[in-house]
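Inside the fold
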Amino acid sequence: MSIRRLPNSLINRIAAGEVVERPASALKELVENAIDAGASQINIRLEQGGLEFIQVSDNGCGMGRDDIALALERHATSKLPNEAIELVTTMGFRGEALPSIASVARLTIESREAGADGWSRVVDHGELAEEGPAAIPPGTKVRVEQLFGNVPARRKFLRTARSEYAACTDIVRRLAMARPDIGFTLEHQGRKAIAVQGGETGPERVAALTSRDLHANSVAVDLQREEIWLTGVAGLPTYNRGVADHQFLFVNGRPVKDRLLVGAVRGAYAEMLARDRHPVVALFIDMPPELVDVNVHPAKTEVRFREPAMIRGMIVSGLRKALDEGGFRAVQRPAESALSRWQSEPVAPDPQSSIFTAQGRTNIAQQPYPAAQVHDSNNGVAAFDHSDEIAPLMGKAEEASEPVPEAERHPLGIARGQVAKTYIVAEAEDGLVIVDQHAAHERLVLERMRKAVEGGTVASQALLMAEVVELDENACDRLEARVAELSEFGLELERFGPTAMLVRATPAMLGSGDVKELVTDLADELGAYDEALSLKERIEHVASTMACHGSVRAGRVLNVAEMNALLREMEVTPHSGQCNHGRPTWVKLALDDVEKLFGRK
């Protein structure tokens, strides 16, 4: 078979396969063109998720008649004034999008420059259909209809209208985040789905397009190294999602999905989130254009950094620094579903009856506790006779003699008691604080251990009698291979035959815990993640497992002094708002919420 030159129509269809994969791809190219045109307002309309109709209108600089015709030719663009492609600062630069879309759909372009007449040009699947004057305001309006209408082989690979609409929404959301100075609207099937005003700040735009709760449950990221700026917002570890679709990354105002950046975010949140949970972040990297190559993917969704290690390090350290400054913060307000489970006590039929009368005792007798005996006293008021027969209390409290501290000094308040031997109840200046004692202490022990490992001063406590832990041979092999690393944490192990390990010392900060359970869990952790994790990540896992064993267990009764000591340490310890698995260590019930529960508001 001889070699031949391909016709332009076929070349455009091949290019469309790279640039226009689905409606969202076409929409992305059109919105980027509107941004590059200097628009301050971009309006988008979709029908059937973009499968049947896409329209993008803007108030940008517009085009004249000749420029409209030239824009529909391949590799024709106004965005590269010279050949310095490495210095490109616009969203697009290839000059392929419009002719590629026009080759697989019916494309209509209407445009007008300020002070000139408007013009319209219609191309139907690569063929010029019509052109003529158009009455439109300054700017450009582009319509795409019947995408892949004449390419059934491509059309059948598209997803449902609902799925395509979700992809289009994600594209618009990311582009709108990248440019908070521009107003965006997205309308689907006549219903407005996105509407944001121009002139917003970055954090305001991110919160408007994700969740209004993000503003109260995030920290600001701001870091500079040489000529590179990293800014954005990072959700608290306790404000997380089950999927990673709320991670928004931008390089020089361009939304990207880069594995290096995603991996850096995951590394920054390591040991603060469970493995099946994902943080909510929006990070903006601004750097000189010569330090990043944006011409590595036809759809421009990937970039290549000149110094990738530096960028990854910036993201990890920038996020860690911001989260460290967040200190003990966590998602403070309980979920609405949790608040809705609070129930009011039913009102007695006779409002004059006392809770100590026989009628008032009816509800008490129905409880799963022995009812208290009562008798009438001389003054006619019913009183309890045998206090020792009252149902045993599940909490421990002491007299509230200490005043409530100022919120600035002690935001977690002062302990008032313990519930179910698991939760510390504290009174703060602005509400009621409930702390999970095990989760909180687990985080405190981990942070202490991290600090000790960094300083090389993890003290070990020799066992009076070395303890033998029986394990299977593979588990023993894994532990033996990591004996040196484990010794840095104060855990001294030796091989003791094919299926046993000898424990001579444990970390002093863990106290007297279950040595066998600790060693068994460490062996399981190494078996599950050893090969997949770096040395630093393995060390973090070991520290996390040890911290879990060395923390105050649920079910242990604490006195008020111990509770207050825990609260004070939480207030000065980074990341104490969440445990090692990403769950919150404390929640606050604001006084307004308490008053609502009792009908006072």
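Residues numbered from 1 in each chain as written. Predicted model: local features only at pLDDT ≥ 70, side-chain atom pairs only at ≥ 80, totals over all residues. Heavy atoms only, no water.

This part is about helix 2 (residues 23-36). Structural remark: α-helix, 3.6 residues per turn; residues separated by three or four positions point the same way. Under the 1.5 Å per step criterion, the end-to-end length of helix 2 is 20 Å for 14 residues, consistent within 8% with the ideal 20 Å. Most of helix 2 is tucked away: twelve of the 14 residues are buried. Looking one or two places after helix 2, you find Gly-38, whose phi comes out positive at around 80 degrees. (Helix = DSSP H or I, 4+ residues; strand = E, 2+ residues; numbered from the N terminus. Expected span 1.5 Å × (residues − 1). Buried < 20%, exposed > 50% of the residue type's maximum accessible area, 1.4 Å probe, protein only.)

What follows deals with the sheet that holds strand 4 (residues 118-124). Hydrogen bonding along the main chain pairs the strands of a sheet, whether they run parallel or antiparallel. Read from one edge of the open sheet, eight strands run 5-4-3-6-2-1-7-8, paired in mixed fashion. A single partner strand is all that each edge strand has here, and the edge strands are strand 5 (127-134) and strand 8 (191-196). Each strand of the sheet is rotated relative to its neighbour by a mean of 10 degrees, with strand direction disregarded. As defined by bridge partners, strand 1 (residues 41-47) adjoins strand 2 (residues 53-58) across six bridges and the pair is classed as antiparallel. Bridged to Glu-47 within strand 2 is Phe-53. (Pairing = 2+ DSSP bridges. Axes fitted to C-alpha atoms, helices over the stretch in contact; angles between N-to-C directions.)

What follows concerns the sheet that holds strand 25 (residues 492-495). What the three strands build is an open sheet, ordered 24-26-25; its pairing is antiparallel. A strand with exactly one partner marks an edge of an open sheet, and here the two such strands are strand 24 (460-470) and strand 25. Across the sheet, the mean angle separating the axes of adjacent strands is 15 degrees when strand polarity is ignored. Bridge count between strand 25 and strand 26 (residues 500-507): four bridges; the pairing is antiparallel. Paired with Glu-494 across the strands is Leu-502, a residue of strand 26.

Once that is clear, we can look at the pattern of salt bridges. Using the criterion set out here, one finds 21 salt bridges in the structure. Arg-22 serves as the salt-bridge partner of Glu-164, at 2.9 Å between the closest nitrogen and oxygen. Within this pair, whereas Glu-164 is found in helix 6 (residues 161-178), its partner Arg-22 is found in the loop between helix 1 (8-19) and helix 2, the two being separated by 142 residues in sequence. Glu-164 gets classed as buried once you look at its relative accessible area, which sits at 1%. In this structure Arg-22 comes out as partly exposed when scored by relative accessible area, which is 22%. Via salt bridges that share partners, Arg-106, Asp-124 and Glu-130 belong to a single interconnected network. (Salt bridge = Lys/Arg side-chain N within 4 Å of Asp/Glu carboxyl O.)

None of the figures reported here should be taken as evidence of function without further support.
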